[in-house]
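Residues per chain, in single letters:
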Amino acid sequence: MYCKNIWTNASEDKKEKIFSFCEGYKTFLTDSKTERDAVSASLEILKKEGFVDLYSLKEIKPGDKVYAVNKNKNILACVIGDKPIEEGMRILGAHIDSPRLDIKQNPLYEKCGFALLNTHYYGGIKKYQYVTIPLAIHGVVYKKNGEKVDINIGEDENDPMISVNDLLIHLSAAQIKKPAMEVIDGEDLDITVGNIPLKDDKSGEVKNYLLELIKNKYGIEEEDFVSSDLCAVPAIKAKDYGLDRSMIAGYGHDDKVCAYTSLMAIVDQGKCEYTTMAVLVDKEEVGSIGATGAQSKWFENVVAELLFKQGNESFLAIRHAMEKSKMLSSDVSAAVDPLYPSVNDMNNSCYFSKGIVINKYTGSAGKRGANDAMPEFIAFVRKVFDENDIYYQSSELGKVDAGGGGTIAYILGNYNMEVLDAGVAVLSMHSPMEIVSKADVYETYLAYRAFIRY
Ligand code: MN
Ligand code: MN
């Protein structure tokens, strides 16, 4: 099953399972454009499957299905195993944030008769990919009295369209000579939102009309933007890709594809020998920092809470639980692109439809920022995959010195936990429309399910 094509020998039954599993994923992806959206979508699945809030329970016992939510941006789903948690867990860790344009805290301004929203991009984007595409605004505004206003504009068929302008080709003589990173200036990624002036108002007419509109519709004032989390994301739905429908196009496969497959593995596998969990974190695209990123103490706090609810208050228990755990850092890999093969070492790259991708290390330059999984652990994972007929492949992130990137693997590795990066191959990564293979999505789900049983 190593480096072989899944479709070649797939039975009709398997093909059917691949396609039907991916229907659920497409819905999840469309509903999970931001980390907040992904937490809501995950919570809906978990509640339907009988998972309950860990903090509502006095004690836990084998077979209990629990979840914990951190600040609506970070969620963990867990099934309590037969063995005590102190003996270690089986963890799948993915991230649910994706690159996008964030709306600034004083966003609204007027120029040349237009009202615009100022943005500050989030994560690694090619700025030129974000102009002249339909955008949607997702997020929340908190008023001083604590009231939360949910915002979702641009997804509904009847919603207006908004986007970032680009200079017409006729007058682009100077612009198109610039390097790609400078073609669009970060400060020019502003969203056009209006053109009607407010009646009898001399200065800031268009902006004031917009403010009146916003106040009438959402009850928020201009100052309320200061306490908001608003994200501009591509306004596209996840859809089948390719004339043979073998792939899925959508915004945010990195890393919702591993988040969904991890979550469903926990949900569908049920009780195991060891306690199993899917941890879905925020902020990976900006360094896994802060309260909701993988570096947050929150995860450790939840494990401490689990131990406490198993009646284990030993101060050493948390250290043992972390150190004895095994984890797949569920994150995507860069697939070989037929249009740009020169960035890859072909023998150490991943390909569509050849199954889950393992990366011993990621990082850049001399493997800087990598976790570098132990060969003993990789051998263990290979055995699991082989015993369960899982298609898998091994890859690096491109040629040496071609670029690089990281995952959350090293952060959990810091607990002396065994961690290996393993996930789905993606094309056009970090673009507004990323692509994955349906066969890989399903195979990754099967791989995660198998892993947590060992
Ligand atoms: Mn990622
Ligand atoms: Mn990424």
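Look above for the structure.
Analysis parameters
Residues numbered from 1 in each chain as written. Chains lettered and ligands numbered in written order. Predicted model: local features only at pLDDT ≥ 70, side-chain atom pairs only at ≥ 80, totals over all residues. Heavy atoms only, no water. Helix = DSSP H or I, 4+ residues; strand = E, 2+ residues; numbered from the N terminus. Buried < 20%, exposed > 50% of the residue type's maximum accessible area, 1.4 Å probe, protein only. Contact = heavy atoms within 4.5 Å. Areas by Shrake-Rupley, 256 points an atom, 1.4 Å probe, with all protein chains shown as cover. Lys, Arg positive; Asp, Glu negative; His and termini not counted. Charge placed at Lys NZ, Arg CZ, Asp CG, Glu CD. Pairing = 2+ DSSP bridges. Axes fitted to C-alpha atoms, helices over the stretch in contact; angles between N-to-C directions. Donors = N, O, S within 2.8 Å, 3.2 Å for Na, K, Ca; no water. Parallel < 35°, antiparallel > 145°, perpendicular 65-115°, else oblique. Left-handed = near helix turned anticlockwise from the far one by under 90°. Polar contact = N/O pair within 3.5 Å; in protein donor to acceptor, adjacent residues only side chain to side chain. Expected span 1.5 Å × (residues − 1).

(A) Spatial organisation of the overall build of the protein chain. If you tally the helices and strands in the protein chain, you get 10 helices and 23 strands. For the protein chain, with 454 residues in total, the buried portion stands at 52%. The long-range fraction of contacts in the protein chain, counting pairs at least 24 apart against all pairs at least 6 apart in sequence, stands at 76%. Accessible area for the protein chain stands at about 20,700 Å²; split by element, carbon and sulfur atoms hold 52% of it. If you average the places of the 52 positive and of the 67 negative side-chain charges in the protein chain, the two averages end up 2 Å apart.

(B) Examining the sheet that holds strand β23 (residues 434–437) more closely. Read across the sheet, 5 strands follow the order β12-β13-β23-β22-β16 without closing on themselves; strand pairing throughout is mixed. The sheet terminates laterally at β12 (239–241) and β16 (333–334), the two strands that pair on one side only. The pairing of strand β13 (residues 247–250) with β23 spans 4 bridges and is classified as antiparallel. Pairing of Met247 across the sheet is with Ser437, part of β23. The sheet contacts of helix α1 (residues 12–31) involve β12 and β13, and relative to β13 the element is tilted by about 5°.

(C) Fine view of the coordination of the manganese ion (ligand 2). Donor atoms from the polypeptide that coordinate the manganese ion (ligand 2) comprise Asp254 (OD), Glu285 (OE), Glu285 (OE) and His430 (NE2), at 2.1 to 2.6 Å from the metal. Expressed as a motif, the donor residue spacing for the manganese ion (ligand 2) is D-x30-E-x144-H. Between the manganese ion (ligand 2) and the manganese ion (ligand 1) the interatomic distance comes to 3.4 Å, and Asp254 is a ligand of both metals. Of this pair, Glu285 sits in the loop between β14 (275–281) and α6 (298–309) while His430 sits in the loop between β22 (425–427) and β23, and the two are 145 residues apart along the sequence. When its relative accessible area of 19% is taken as the criterion, His430 is described as buried.

(D) Representation of the packing of helix α2 (residues 35–48) against helix α5 (residues 253–269) within the structure. Close contact between α2 and α5 brings their axes to 11 Å; oriented N to C, the two are set at 15°. By the angle between their axes, α2 is roughly parallel relative to α5. Of the two possible hands of crossing, α2 and α5 adopt the one that is right-handed. Here Ser42, Ile45 and Leu46 of α2 lie close against α5, whose contacting residues are Tyr260, Leu263, Met264 and Val267.

(E) Quick look at the pairing of strand β21 (residues 418–423). Burial runs high along β21: 5 of the 6 residues are buried. As judged from the 4 bridges shared by strand β15 (residues 326–329) and β21, these two strands associate in the parallel manner. Across the sheet, Met327 pairs through a bridge with Val419, a residue of β21. Bridge count for strand β17 (residues 356–359) against β21 is 3 bridges, and the pairing is antiparallel. In the strand pairing of β21, Val357 is matched with Gly423.

(F) Main features of unusual backbone geometry. Across the junction of Asp254 and Asp255, the peptide omega takes the value 10°, indicating a cis bond. Looking at where Asp255 falls in the secondary structure, it is placed in helix α5. In this structure, Ser288 takes a positive phi of about 60° despite not being glycine. As for its position among the elements, Ser288 is in the loop between β14 and α6.

(G) Structural detail: the side chain of Gln175. Note on placement: Gln175 falls in the loop between β9 (163–164) and α3 (180–183). For Gln175, a relative accessible area of 12% translates into the label buried. Reaching out from Gln175, the side chain makes a polar contact with the side chain of Asp166 at a distance of 3.4 Å. Apart from residues lying up to four places away in sequence, Gln175 is in contact with Asp166, Leu167, Val183 and Ile184.

(H) Looking closely at the environment of Ile125. Positionally, Ile125 belongs in the loop between β6 (114–122) and β7 (135–142). For the pair Ile125 and Gly287, spaced 162 residues apart in the sequence, the C-alpha separation amounts to 15 Å. In this view, Ile125 contacts Pro99, Arg100, Leu101, Tyr130 and Leu189; residues no more than four positions away in its chain are not counted.

(I) Quick look at α6. The end-to-end C-alpha separation of α6 is 16 Å, in line with the 16 Å expected for 12 residues at 1.5 Å each. Restricting attention to buried positions, one finds in α6 the residues Trp298, Phe299, Glu300, Val302, Val303, Leu306, Leu307 and Lys309. Contacts from the buried residues of α6 go to β2 (65–70), β3 (74–79), β4 (89–95), β14, α7 (317–323) and α9 (409–413). Immediately downstream of α6, the backbone of Gly311 shows phi near 75°, a positive value.

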